[in-house]
Amino acid sequence: MGRGPIFRFWGTGEDGAMLRDKLTALLQPVIAGLGYDLWELEFLPGRGSALLRVYIDTEAHEGITVADCERASRAVSETLDAADPIPGNYTLEVSSPGV
């Protein structure tokens, strides 16, 4: 990949920057440990529930598959459940730029 990770956090101001940094520090090693790159984080706060999208990518093989996303989702979910960095309810989605 020629690009580094991109982070999009809407409507969160200074708190969003702290959350972005916390999530990056927390998730980057987990995703790298699975052999993937953290390509993008996207956080969309919502009324009653937020959305966290984690995009992964790799140069190791022919791209990310749905099975790769499922594997990463399980690991990310376990990590987020243990650390509890996001207050309130949220939905986790794991995808790739090509899926």
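Being a predicted model, the structure only gives us computed values, none of them experimental.

## As for the confidence of the model for the protein
Next up, step 1: Residues at a pLDDT of 70 or more form 82% of the protein, whose mean pLDDT is 85.
Next up, step 2: Looking at the elements of the protein, mean pLDDT is at its lowest for strand β1 (residues 6-9), recorded as 52, and at its highest for helix α2 (residues 66-83), recorded as 97.
Next up, step 3: For residues 1-6, every residue scores under 50 in pLDDT, and the model assigns this stretch ten contacts once sequence neighbours within four places are set aside.

## Some words on the side chain of Thr 58
Next up, step 1: In this structure, Thr 58 sits in the loop between β3 (50-57) and α2.
Next up, step 2: A polar contact of 3.4 Å, which involves the side chain of Thr 58, links it to the backbone oxygen of Gly 35.
Next up, step 3: What Thr 58 contacts, discounting residues up to four positions off in sequence, is Gly 35, Tyr 36, Asp 37, Gly 63 and Ile 64.

## Points about the pattern of salt bridges
Next up, step 1: Considering all chains together, one arrives at four salt bridges under this definition.
Next up, step 2: For Arg 20, the salt bridge identified is with Asp 21, shortest N-O distance 3.6 Å.
Next up, step 3: Judged by its relative accessible area of 28%, Arg 20 is partly exposed.
Next up, step 4: In this structure Asp 21 comes out as partly exposed when scored by relative accessible area, which is 47%.
Next up, step 5: A salt bridge links Arg 74 to Glu 70; the shortest N-O distance between them is 2.6 Å.

Quick notes on the rules
Residues numbered from 1 in each chain as written. Predicted model: local features only at pLDDT ≥ 70, side-chain atom pairs only at ≥ 80, totals over all residues. Heavy atoms only, no water. pLDDT = per-residue confidence, 0-100. Helix = DSSP H or I, 4+ residues; strand = E, 2+ residues; numbered from the N terminus. Contact = heavy atoms within 4.5 Å. Polar contact = N/O pair within 3.5 Å; in protein donor to acceptor, adjacent residues only side chain to side chain. Salt bridge = Lys/Arg side-chain N within 4 Å of Asp/Glu carboxyl O. Buried < 20%, exposed > 50% of the residue type's maximum accessible area, 1.4 Å probe, protein only.

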